[in-house]
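# Survey of secondary and tertiary structure
Spelled out, the chains give:
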Amino acid sequence: MNKLYKTAVITGISSGIGLALTKKFLDENFNVIGTTRSGKLDDFSHSNLKVIPLEATNQESRNNAINEILAITTDIDLLVNNAGIAPDAFSNQPDFDSFTETINTNVTSVIFFTESLLKNIKTGGKIAFISSSMGLLKNAAPNGTAYRLSKNAINMYAAMLATRVIDKEIIVTPIHPCLFQTKLGGKQDPFTTENCAER
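The rules behind each value
Residues numbered from 1 in each chain as written. Predicted model: local features only at pLDDT ≥ 70, side-chain atom pairs only at ≥ 80, totals over all residues. Heavy atoms only, no water. Salt bridge = Lys/Arg side-chain N within 4 Å of Asp/Glu carboxyl O. Helix = DSSP H or I, 4+ residues; strand = E, 2+ residues; numbered from the N terminus. Buried < 20%, exposed > 50% of the residue type's maximum accessible area, 1.4 Å probe, protein only. Pairing = 2+ DSSP bridges. Axes fitted to C-alpha atoms, helices over the stretch in contact; angles between N-to-C directions. Contact = heavy atoms within 4.5 Å. Phe/Tyr/Trp six-rings, centres within 6.5 Å; stacked < 30°, edge-to-face > 60°. Lys NZ or Arg CZ within 6 Å of the ring centre and 35° of its normal. Parallel < 35°, antiparallel > 145°, perpendicular 65-115°, else oblique. Left-handed = near helix turned anticlockwise from the far one by under 90°. Expected span 1.5 Å × (residues − 1). Bend = angle between axes of the 7 residues up to and from the residue.

This paragraph deals with the pattern of salt bridges. Side chains that carry opposite charge are capable of pairing whenever their charged atoms lie near each other. According to the stated counting rule, one finds 4 salt bridges in the structure shown. A salt bridge links glutamate 115 to arginine 164; the nearest nitrogen and oxygen atoms lie 2.7 Å apart. Of this pair, glutamate 115 sits in helix 3 (residues 96-117) while arginine 164 sits in helix 4 (residues 145-164), placing them 49 residues apart in sequence. Here glutamate 115 falls in the partly exposed class, since its relative accessible area comes to 27%.

The next subject is the pairing of strand 1 (residues 6-10). With 4 of its 5 residues buried, strand 1 lies for the most part within the structure. In terms of strand pairing, strand 1 meets strand 4 (residues 76-81) through 3 bridges, oriented parallel. Each residue of the ladder has a partner; that of alanine 8, found in strand 4, is leucine 78.

Across the sheet, 6 strands lie side by side as 3-2-1-4-5-6; this open sheet has parallel pairing. At either end of the open sheet lies a strand with only one pairing partner, and these are strand 3 (49-53) and strand 6 (171-175). On average, each strand axis in the sheet is tilted by 15° relative to the strand beside it, whichever way the strands run. Sheet analysis places strand 2 (residues 30-36) next to strand 3, joined by 5 bridges and oriented parallel. Bridging from a neighbouring strand, isoleucine 33 pairs with lysine 50 of strand 3. Sitting on the sheet, helix 3 touches strand 1, strand 4 and strand 5 (121-130), and the angle it makes with strand 4 is about 175°. Those strands touched by helix 4 are strand 5 and strand 6, and its axis lies near 165° from that of strand 5.

Moving on, we get to the packing of aromatic side chains. Evaluation of the coordinates by the stated rule reveals 2 aromatic pairs. When the centroid spacing of 5.1 Å and the interplanar angle of 65° are considered together, the rings of phenylalanine 25 and phenylalanine 30 count as edge-to-face. With respect to class, phenylalanine 25 is no different from phenylalanine 30; both count as buried. For the ring pair phenylalanine 129 and tyrosine 157, a centre distance of 5.7 Å and an interplane angle of 80° mean the geometry is edge-to-face. Here phenylalanine 129 is found in strand 5, whereas its partner tyrosine 157 is found in helix 4, with 28 residues between them in sequence. We classify phenylalanine 129 as buried; its relative accessible area is 1%. The ring of phenylalanine 44 has lysine 23 lying over it, and the distance from NZ or CZ to the ring centre is 5.1 Å.

What follows is about the packing of helix 3 against helix 4. Where helix 3 contacts helix 4, the axes come no closer than 8 Å and their chain directions differ by 15°. Taken together, helix 3 and helix 4 sit at an angle that is classed as roughly parallel. Taken as a pair, helix 3 and helix 4 cross one another with a handedness that is right-handed. Facing helix 3, whose interface residues are Phe99, Thr102, Ile103, Asn106, Val107, Val110, Ile111, Thr114 and Glu115, helix 4 presents Thr145, Ala146, Tyr147, Leu149, Ser150, Lys151, Ala153, Ile154, Tyr157, Leu161 and Arg164.

Count 3.6 residues to each turn of an α-helix, and residues three or four apart come out pointing the same way. Compared with the 32 Å implied by 1.5 Å per residue over 22 residues, the 31 Å span of helix 3 between its first and last C-alpha is a close match. Of all the bends in helix 3, the greatest, near 35°, is centred on asparagine 104. Taken together, the buried residues of helix 3 touch strand 1, helix 2 (59-72), strand 4, strand 5 and helix 4.

Positionally, glycine 12 belongs in the loop between strand 1 and helix 1 (16-27). A C-alpha to C-alpha distance of 9.8 Å links glycine 12 and glutamate 55, two positions 43 residues apart in sequence. When sequence neighbours within four positions are dropped, the list of residues in contact with glycine 12 reads Gly18, Thr35, Asn82 and Ala83.

Pasting the structure below:
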């Protein structure tokens, strides 16, 4: 990694928009610390990329990831919370197990991962949450109970967090990406992950 470059921490970089964002920031001369469940990234490597394992819902794994990140750097310019799941996105009937898993992954883990790194976000830095327009009240619909609620909760957390870090001039933003081609949206959506990362 290049000590002269800014540093971004991005969760969930194994595929989709997480991987596209990783490549984008590397192209823009960032150091990137990315997480995947395995700690590996198939078919892509870069001298300014460090991949570490993170099982977001496991507290020990989360603590280990935090320690590994802080062993690399204690100054973070950008934190992108991208990792998440949507097992019920196309279901109208809530299921207890998938509901609990979604809230733990998309809300609880994201909040406490962010809180653990908060003091290391540099003055003037940025925190982004990859959210979804499905979490907006105006887009209420019968499907995706857990997913919609999880994204609505992250939108609120981002707004609350922004008021806490205003003195450090840290910008906190929930981002609702365009419709892009992933395992969730499928190939019928209009944009590739690369298109969406650029937007």
